[in-house]
Amino acid sequence: MKTIIAMLVTLTIIGVVSGGGLAMISGWAAPLIAANKKAATERAIFLVQPEAKQYEAVAEVPYELYRVLDEGGQPTGYSFPWEGNGFQGNIRMMIGLTPDLATITAIEVLEQVETPGLGTMILEDPFRGQFNGLKTEPQVDWVKGAPPTKENEVQTITGATISSKAIVDIVNDGLARLRTDLAQGGDK
Amino acid sequence: MSKKQVSLFNDYTKGVWDQNPVFKQVLGMCPALAVTVSAMNGIAMALATTFVLVFSSFIISLIRKLIPSQVRIASYIVVIATFVTIVDLVMRAQFPELSKELGPYIPLIVVNCLILGRQEAFSSKNNPFRSVLDALGMGTGFLIALASLGAIRELFGSRSILGVQLLPDAFEPWLIMILPAGAFLTLGLMMGGLNAMILRRKRREEADILSKHIPKTYVAASEGQEV
Amino acid sequence: MSSVTVTEAPTGQELLLSTSPHLHSRWTTKQLMWFVVLALVPCVISSVVYFGFYQLVIITTAVVFAAGTEALIQYLTKKPVTISDGSAVITGLLLGLIVPPYFSPAFTALGAVFAIAVGKMVFGGLGYNIFNPALVGRAFLQAAFPVAITTWTIPQFAVDAVSKATPLAAFKFDNVVTPLTPLVVGNVGGSLGETSAIAVLIGGIFLLVTGVANWRIPAAMIVGMLLFGGVLWLLDPAAPDPVFHIFAGSFLFAAMFMASDYVSSPVTGTGMWIYGLGISLVTVLIRVYGGLPEGVMYSILFMNAFVPLINRYTQPKLFGEGKA
């Protein structure tokens, strides 16, 4: 009986002290972590919308969507994060679009676990740059082994076809969702 | 140095080399293999682990006589988990980039056998001062191992060490080195190399002892027979 | 070559592994090894015919670095230098024949060094290696330089360049089926030595007739391919037919020269069948369901790992022995 009480008391004290200490540290760290996260999102929003000066969140859709504005407060497009399956795991990216959703301004991959040096070429400009000014009607298409001939085509990376296609698929998926939601009059 | 000083000194140095956690005890393999794609990652991981190890050892050694032995493992884990959470929070607040790189491996320090092992094997039996020395030694050994693993993998896998490009552009990076397979290969070859070195030194020492005790003529006669 | 002759074991230690009789072998280890080299000559010729004389540079590099690495390591560790037994030459030759045309000689050299140093010498040299050294080298190159090793050059007289890909990649990524005739003569994209079934078969049959290679492993692989490939094809006609499976990629080359490597394959007859069938099964699964177009290399390495287990469970019982 005595040992049981000793066990209970020891563990309780250790737990309370640990919990209390962590609560204090968390109180200090939580705002900083939130600020880091916000800064990262903001940076990504403007990375895919280089012309934009400010942004506002669009509340009408059940996911993150940001309308970007110029200095005068006029809407110049959308930025929104979207994710999907890559070759080995989730790919999360930020997509920038013009207000009519017909052209991509740029894309930026935020999180990925593709094969280093191969699948990760989706992060680099020969591939990523193809999305700057890419047309999205009727959807984004990919071609393999040859330079694209149409305005809505990108060329896949040799040896990383699956990762390249994954990016195109995520863009198309996000676009489709955005088109339906915005057409329903939530935001125009 | 007095005898006591020697033993205190040994508390620290044994973890650096003789009982190196990675190369000798083969502990903490998960972070050693998973995060060492670059020297920086290896160093950051080792420092985070050392922080947790030193503070856990200190606290546990302080309260070692108060903990009933039935719940000692549970107590150790709570203490360790507390410090791991502190490291995780601080890194996410102050070093978001590094925290993203190391990802889930920071929270996983909780289950690093090295840390729990030191509590059970050392801190629970020794005073706080010696426990901290032991923890620092183990941490240094862990740092040496992870930094060298990370440096080798970064050099061949990304041409650089600590982000400084050392190999020319003409050198095609060996992607395998920054893949999991490269971690196993590098660690295996390093361990093999170290063991071969130690074995050779031991043989030489044995030969030295032999040559002192056995008459010279006998040694001369036996030379050249065996390698 | 442990399973063939004990007296010539290179380290002078006894290497007897098998209980089956080996005394019937007509040749010594050295002769066996040089027969294999001879059997690979048609493949070397076909690689030059289809991809040009430059390929000799690649093959020579692989051979020189493989043999050189072995000699250097044996010299440094003060073991007898045994490159004249030809086994390192074979490893180099095989590695040279399973890289793409115009593959960088520097990468080839690295692959050869890795194949011998890590694939063979780390385990203790000839007779002790678990995995086929040439395939270890190839797997290293695959992981280290994934782009270079999948950059194919079409043969000199390819009539219609369907794509620059190999028949298996063309099938996997673009659903293009390569007809049988170019596959058999070898007028398709692929690694140096593997494209021409005719050249592979000339060398392979030579090995089988002289008794250098055991017929069971190639036979088991082909039977397995017909069986497993056939079942998948019957279940899903969109999958490639078993004959395509056999002639495309490096399957035949691997069956004749890679899987039948003495050291890394089982020693018992039953074991050889299990081993060959296993390779075919894994190959088919990788080719049809996997992310890679070709799976022969990984399936042989995979089955290599099971060889000690296979040997153990297929060991013939000694007369008078009770329950094992």
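In case you missed it, the structure is sitting above this.
Please read these numbers as outputs of a predicted model, since none were measured by experiment. (Residues numbered from 1 in each chain as written. Chains lettered and ligands numbered in written order. Predicted model: local features only at pLDDT ≥ 70, side-chain atom pairs only at ≥ 80, totals over all residues. Heavy atoms only, no water.)

## Examining the overall build of chain B
So, point 1. Secondary structure summary: chain B contains 9 helices and 2 strands in total.
So, point 2. From first element to last, N terminus to C terminus, chain B shows the α and β order α-α-α-α-α-α-α-β-β-α-α.
So, point 3. In chain B, which comprises 227 residues, the proportion classed as buried is 44%.
So, point 4. Relative to all contacts within chain B whose residues are 6 or more apart in sequence, the contacts with residues 24 or more apart total 73%.
So, point 5. Considering chain B, the positive charge centre built from 21 side chains and the negative charge centre built from 15 side chains are found 10 Å apart. (Helix = DSSP H or I, 4+ residues; strand = E, 2+ residues; numbered from the N terminus. Buried < 20%, exposed > 50% of the residue type's maximum accessible area, 1.4 Å probe, protein only. Contact = heavy atoms within 4.5 Å. Lys, Arg positive; Asp, Glu negative; His and termini not counted. Charge placed at Lys NZ, Arg CZ, Asp CG, Glu CD.)

## What to know about the nonpolar core
So, point 1. Counting residues in hydrophobic clusters, the biggest one holds 78 residues, and the most contacted among them are C:Leu141, C:Phe253, C:Phe257, C:Met258, C:Tyr275 and C:Ile300.
So, point 2. In terms of residues, this core owes the most to one element, helix H1 (residues 29–51) of chain C, which gives 11 residues.
So, point 3. Not counting residues up to four positions away in its chain, the partners in contact with C:Phe253 are C:Leu40, C:Cys43, C:Leu94, C:Leu97, C:Ile98, C:Gly193, C:Glu194, C:Val200 and C:Met258.
So, point 4. Among the nonpolar cores identified, the runner-up in size contains 44 residues, and B:Phe23, B:Leu33, B:Phe142 and B:Met191 belong to it. (Core = buried A, V, L, I, M, F, W, Y, C linked by side-chain atoms within 4.5 Å.)

## Some thoughts on the pattern of salt bridges
Any two side chains of opposite charge can pair if their charged atoms end up close together.
So, point 1. Under the counting rule described, the total for this entry stands at 16 salt bridges over all chains.
So, point 2. Put simply, A:Lys150 and A:Glu153 hold a salt bridge, and the shortest N to O gap is 3.8 Å.
So, point 3. Taking the shortest distance from any N to any O, the salt bridge between C:Glu70 and C:Lys120 comes out at 2.7 Å. Of this pair, C:Glu70 sits in helix H2 (residues 54–76) while C:Lys120 sits in the loop between helix H4 (105–117) and helix H5 (133–144); the two residues are 50 residues apart in sequence, bridging distant segments of the chain.
So, point 4. A residue is classified by how much of its surface remains accessible, and C:Glu70, at 1% relative accessible area, is buried.
So, point 5. In the salt-bridge network here, residues are joined through shared partners; they are A:Glu64, A:Glu83 and A:Arg92. (Salt bridge = Lys/Arg side-chain N within 4 Å of Asp/Glu carboxyl O.)

## Quick notes on the packing of H2(C) against H4(C)
All names here are of chain C.
So, point 1. Two elements in contact, H2 and H4, have axes separated by 8 Å at closest approach and are oriented at 35 degrees. Crossing hand, H2 versus H4: right-handed. Residues Tyr54, Val57, Ile58, Thr61, Ala62, Phe65, Ala66, Thr69, Glu70 and Ile73 of H2 pack against Pro105, Thr108, Ala109, Ala112, Val113, Ile116 and Ala117 of H4.
So, point 2. Of the residues in the contact of H2 with H4, the class split is 13 nonpolar, 3 polar and 1 charged. (Axes fitted to C-alpha atoms, helices over the stretch in contact; angles between N-to-C directions. Left-handed = near helix turned anticlockwise from the far one by under 90°. Nonpolar A, V, L, I, M, F, W, Y, C, P; charged D, E, K, R; others polar.)

## Observations regarding the side chain of A:Glu108
All names here are of chain A.
So, point 1. Along the polypeptide, Glu108 turns up in strand E5 (residues 104–111).
So, point 2. A residue is classified by how much of its surface remains accessible, and Glu108, at 17% relative accessible area, is buried.
So, point 3. Of the polar contacts made by the side chain of Glu108, one reaches the side chain of Arg128; its length is 3.0 Å.
So, point 4. In this structure, Glu108 is in contact with Leu47, Val48, Met93, Met94 and Arg128, ignoring residues within four places of it in sequence. (Polar contact = N/O pair within 3.5 Å; in protein donor to acceptor, adjacent residues only side chain to side chain.)

## Some thoughts on unusual backbone geometry
So, point 1. The omega torsion across A:Glu137 and A:Pro138 is -10 degrees, close enough to zero to call that bond cis.
So, point 2. Structurally, A:Pro138 can be placed in the loop between helix H2 (125–128) and strand E6 (141–143).
So, point 3. Look at B:Val26: it is not a glycine, yet its phi comes out positive at around 50 degrees.
So, point 4. Secondary-structure assignment places B:Val26 in the loop between helix H1 (3–16) and helix H2 (29–34).
So, point 5. In this structure, B:Leu162 takes a positive phi of about 55 degrees despite not being glycine.
So, point 6. Positionally, B:Leu162 belongs in the loop between strand E1 (160–161) and strand E2 (164–165).
So, point 7. Given the relative accessible area of 48%, B:Leu162 is considered partly exposed.

## Here's the deal with the interface of chain B and chain A
So, point 1. Taken together, the contacts link 24 residues of chain B with 22 residues of chain A.
So, point 2. Between chain B and chain A, the buried area comes to about 1,800 Å², and carbon and sulfur atoms account for 79% of it.
So, point 3. On the surface where chain B and chain A come into contact, there are 0 salt bridges.
So, point 4. For the side of chain B that touches chain A, the elements supplying multiple residues, two or more each, are helix H4 (72–94) and helix H5 (96–102) of chain B.
So, point 5. Broken down by element, the side of chain B that touches chain A gets its largest block of residues, 12 residues, from H4(B).
So, point 6. Among the residues making up the side of chain B that touches chain A, the classes are represented as 16 nonpolar, 5 polar and 3 charged. (Buried area = accessible area lost by both parts, 1.4 Å probe.)

## Structural notes on a nonpolar patch on the surface
Residues and elements named next belong to chain A.
So, point 1. Taken together, the side chains of Met1, Ile4, Ile5, Leu8, Val9, Ile13 and Val17 present a nonpolar region at the surface, about 720 Å² in accessible area.
So, point 2. Looking at where Met1 falls in the secondary structure, it is placed in the segment before helix H1 (2–47).
So, point 3. Given the relative accessible area of 74%, Met1 is considered exposed. (Patch = residues over 30% accessible without salt bridge, like charges linked within 9 Å, V, L, I, M, F, W, Y side chains within 5 Å. Areas by Shrake-Rupley, 256 points an atom, 1.4 Å probe, with all protein chains shown as cover.)

## Concerning a positive patch on the surface
So, point 1. Taken together, B:Arg200, B:Arg201, B:Arg203, B:Arg204 and C:Lys78 make up a surface patch of like positive charges.
So, point 2. Looking at where C:Lys78 falls in the secondary structure, it is placed in the loop between H2 and helix H3 (87–97).
So, point 3. Exposure remark for C:Lys78: the relative accessible area of 61% places this residue in the exposed category.

## Overview of empty space enclosed by the protein
All names here are of chain C.
So, point 1. In total, this model carries 3 cavities of 30 Å³ or more according to the counting rule given.
So, point 2. Of the volumes computed, that of the largest cavity is approximately 290 Å³.
So, point 3. Lining the largest cavity are 21 residues, and of these Met33, Ile90, Phe257, Asp261 and Tyr262 lie nearest its centre.
So, point 4. Contributing elements (two or more residues each) for the lining of the largest cavity: H1, H3 and helix H11 (251–258).
So, point 5. For the lining of the largest cavity, the residue count by class is 14 nonpolar, 5 polar and 2 charged.
So, point 6. The space that makes up the second largest cavity amounts to roughly 40 Å³.
So, point 7. Lining of the second largest cavity is provided by Pro167, Leu183, Val188, Gly189, Glu194, Thr195, Phe247, Ala248 and Gly249.
So, point 8. The residue makeup of the lining of the second largest cavity, split by class, is 5 nonpolar, 3 polar and 1 charged. (1 Å grid on protein atoms, 1.4 Å probe; cavity = no way out; pocket = protein on both sides within 12 Å on 5 of 7 lines; lining within 4 Å. Points joined across faces, edges and corners; volume = space filled by probe spheres on them.)

## Focus on H3(C)
So, point 1. Here H3(C) lies mainly inside the structure; 11 of its 11 residues are buried.
So, point 2. The inward-facing, buried residues of H3(C) contact H1, H2, H4, H5 and H11 of chain C.

## Describing the side chain of C:Ser191
Residue and element names in this part refer to chain C.
So, point 1. One can find Ser191 in the loop between helix H7 (180–185) and helix H8 (197–209).
So, point 2. A relative accessible area of 1% means that Ser191 is categorised as buried.
So, point 3. Apart from the residues within four sequence positions on either side, Ser191 is in contact with Phe51, Leu97, Ile98, Val99, Pro100, Pro101, Arg138 and Trp152.

## Digging into the environment of B:Ala46
Residue and element names in this part refer to chain B.
So, point 1. Checked against the element boundaries, Ala46 lands in helix H3 (residues 39–62).
So, point 2. Of the residues examined, Ala46 reaches a relative accessible area of 0% and is grouped as buried.
So, point 3. Ala46 sits 164 residues away from Leu210 along the chain, and the two C-alpha atoms are 42 Å apart.
So, point 4. Apart from residues no more than four positions distant in its own chain, Ala46 is found in contact with Phe142, Leu143 and Leu146.

## So, the pairing of strand E2 (residues 66–69) of chain A
Residues and elements named next belong to chain A.
So, point 1. Neither face of E2 is exposed, since Tyr66 and Val68 on one face and Arg67 and Leu69 on the opposite face are all buried.
So, point 2. Relative to strand E3 (residues 75–85), E2 is paired through 4 bridges, and the arrangement is antiparallel. In the strand pairing of E3, Arg67 is matched with Tyr78. (Pairing = 2+ DSSP bridges.)

## So, the sheet that holds E5(A)
All names here are of chain A.
So, point 1. Reading across the sheet, the 5 strands line up as E1-E2-E3-E4-E5 and stay open at both edges, with antiparallel pairing between neighbours. Edge strands, defined here as strands with exactly one partner in the open sheet, are strand E1 (54–57) and E5. Sheet twist, expressed as the mean angle between neighbouring strand axes with direction ignored, is 25 degrees.
So, point 2. Here strand E4 (residues 90–97) runs beside E5; their pairing, made up of 6 bridges, is antiparallel.

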